[in-house]
Protein chains: 2
Amino acid sequence: MKLYTYPGAPHPRRVHIYLAEKGIEIPFEQIDIMQRENKSPAFIGEVNAMGAVPALELDDGSHIAESIAICRYLEALYPEPSMFGSAPEEIGAVEMWLRRIELYLMMPVGMVWAHGSPLTKAVVKEQIPSVAELNRQMVNKYFEFLDRRLAQSEYLAGPNYSMADITALCTMDFAANLNGLPHDKGQVHLSRWYDAVSGRPSAKEQ
Amino acid sequence: MKLYTYPGAPHPRRVHIYLAEKGIEIPFEQIDIMQRENKSPAFIGEVNAMGAVPALELDDGSHIAESIAICRYLEALYPEPSMFGSAPEEIGAVEMWLRRIELYLMMPVGMVWAHGSPLTKAVVKEQIPSVAELNRQMVNKYFEFLDRRLAQSEYLAGPNYSMADITALCTMDFAANLNGLPHDKGQVHLSRWYDAVSGRPSAKEQ
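Quick notes on the rules
- Residues numbered from 1 in each chain as written.
- Chains lettered and ligands numbered in written order.
- Predicted model: local features only at pLDDT ≥ 70, side-chain atom pairs only at ≥ 80, totals over all residues.
- Heavy atoms only, no water.
- Pairing = 2+ DSSP bridges.
- Helix = DSSP H or I, 4+ residues; strand = E, 2+ residues; numbered from the N terminus.
- Axes fitted to C-alpha atoms, helices over the stretch in contact; angles between N-to-C directions.
- Contact = heavy atoms within 4.5 Å.
- Domains from an automatic or database assignment.
- Buried area = accessible area lost by both parts, 1.4 Å probe.
- Salt bridge = Lys/Arg side-chain N within 4 Å of Asp/Glu carboxyl O.
- Polar contact = N/O pair within 3.5 Å; in protein donor to acceptor, adjacent residues only side chain to side chain.

Colleague: Just give me the short version of the sheet that holds strand E3 (residues 55–57) of chain B, but keep the residues and values in it.
Modeller: Residues and elements named next belong to chain B. With mixed pairing, the four strands of this open sheet are ordered in space as E2-E1-E3-E4. The outermost strands of the open sheet, each flanked by one partner alone, are strand E2 (28–30) and strand E4 (63–65). Averaged over all neighbouring strand pairs, the angle between strand axes comes to 20 degrees, with direction disregarded. Bridge analysis of E3 against E4 gives three bridges, and the strand direction is antiparallel. If you follow Leu56 over to E4, its bridge partner there is Ile64. This element, helix H3 (residues 67–77), spans strand E1 (2–5), E3 and E4 of the sheet and lies at about 125 degrees to E4.

Colleague: How would you sum up the domain arrangement of chain A? Please name residues and give values.
Modeller: Residues and elements named next belong to chain A. One can read the domain layout of chain A as domain 1 (2–77) and domain 2 (88–204). Put simply, the middle of domain 1 and the middle of domain 2, counted by C-alpha atoms, are 21 Å apart. Listed as interface residues are twelve residues of domain 1 and, on the opposing side, 16 residues of domain 2. The largest contributions to the domain 1 side of the interface with domain 2 come from Arg13, Arg14 and Glu21, which together make up 43% of the buried area. Linking domain 1 to domain 2 there are four salt bridges. A salt bridge links Asp173 to Arg13, with the nearest nitrogen and oxygen atoms 2.8 Å apart. Summed over the shared surface of domain 1 and domain 2, the number is eight residue pairs in polar contact (both at pLDDT 80 or more). Sorting the residues of the side of domain 1 that touches domain 2 by element identifies helix H1 (10–22) and helix H3 (67–77) as the ones contributing at least two each. No other element matches H1, which puts eight residues into the side of domain 1 that touches domain 2.

Take a look at the structure:
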């Protein structure tokens, strides 16, 4: 196996934290997304038609793209420790929270990035400032919701750390560091959770 | 168990087709999203904080929201026939294609719906026609991509029908029927696949 990746970017980082939590080592090749290497005809033709990292090359030469698809493939090979839940209720809860984070946090952060960042100005056809502003408000509102959730639950999906936590952490660091959208330290439950998950060796090293 | 749903809308329909394919029967309660019953304080407070259907009520009174989370919970209870893949490679491929459909087809169709439909005008803060037009082009371009994919593969994720096919079908019917975005019948591979999946009893009944 080989992982095409760009360590530090939020989607590849999800996979790297997952690998560290599971203790799985996979050789990787860096694809410089700042130089748009992921948009080269060779990469699109042979690795991922969507022109994005991460992508995993299997030993038979086929590829799996999309962060969570890569993790689910690895989870099927190496089930323990579980990052997607074990009992049916937990499997459902992890998927629910993973998708809530993606839909209601990652998606608006991505819109702020696309419509509000000077770094994406050159590649986005038309930046619409009101779209960035609207999504900025949505992100802040969702932090309040997460704070209420984490008043009731140790981790997002319940008592166990999961892929939903990994995804939320990567999204929040991207929001804070590159989009000027940190959570409010006064959100004590969200802050308690954030300190715990970002303090894990898997997160600190990636 | 009880399913809160609005049969016919694209996300609930994914779950109904899944249930029909698996032969699972669950009592359901219709939540009239046209009357915004899903936004009532009672529904948001007790069933799904995100104010959306479908949502599944478990026998202990807890709830699982998000279409795919509901299906994954049921898949853990009733593994056969598999809709998310069995071998690791297939599990990875189903998740990759499911997410490709969601990100590159469902997402732009949703933007056309939000920014271009008279039916959403009253609930969207500001409709931006250029956003609808840009996403309309993306949908048509992705139909071309899917046509090329289905020239090589019987179903989206490989030789077996899966949750990726169910999701693509529901998205395409929503695109064609409510957003004026049918696929081109000249896309013979996509059309072959579309006729096959929409001709299954599970799809015709839902």
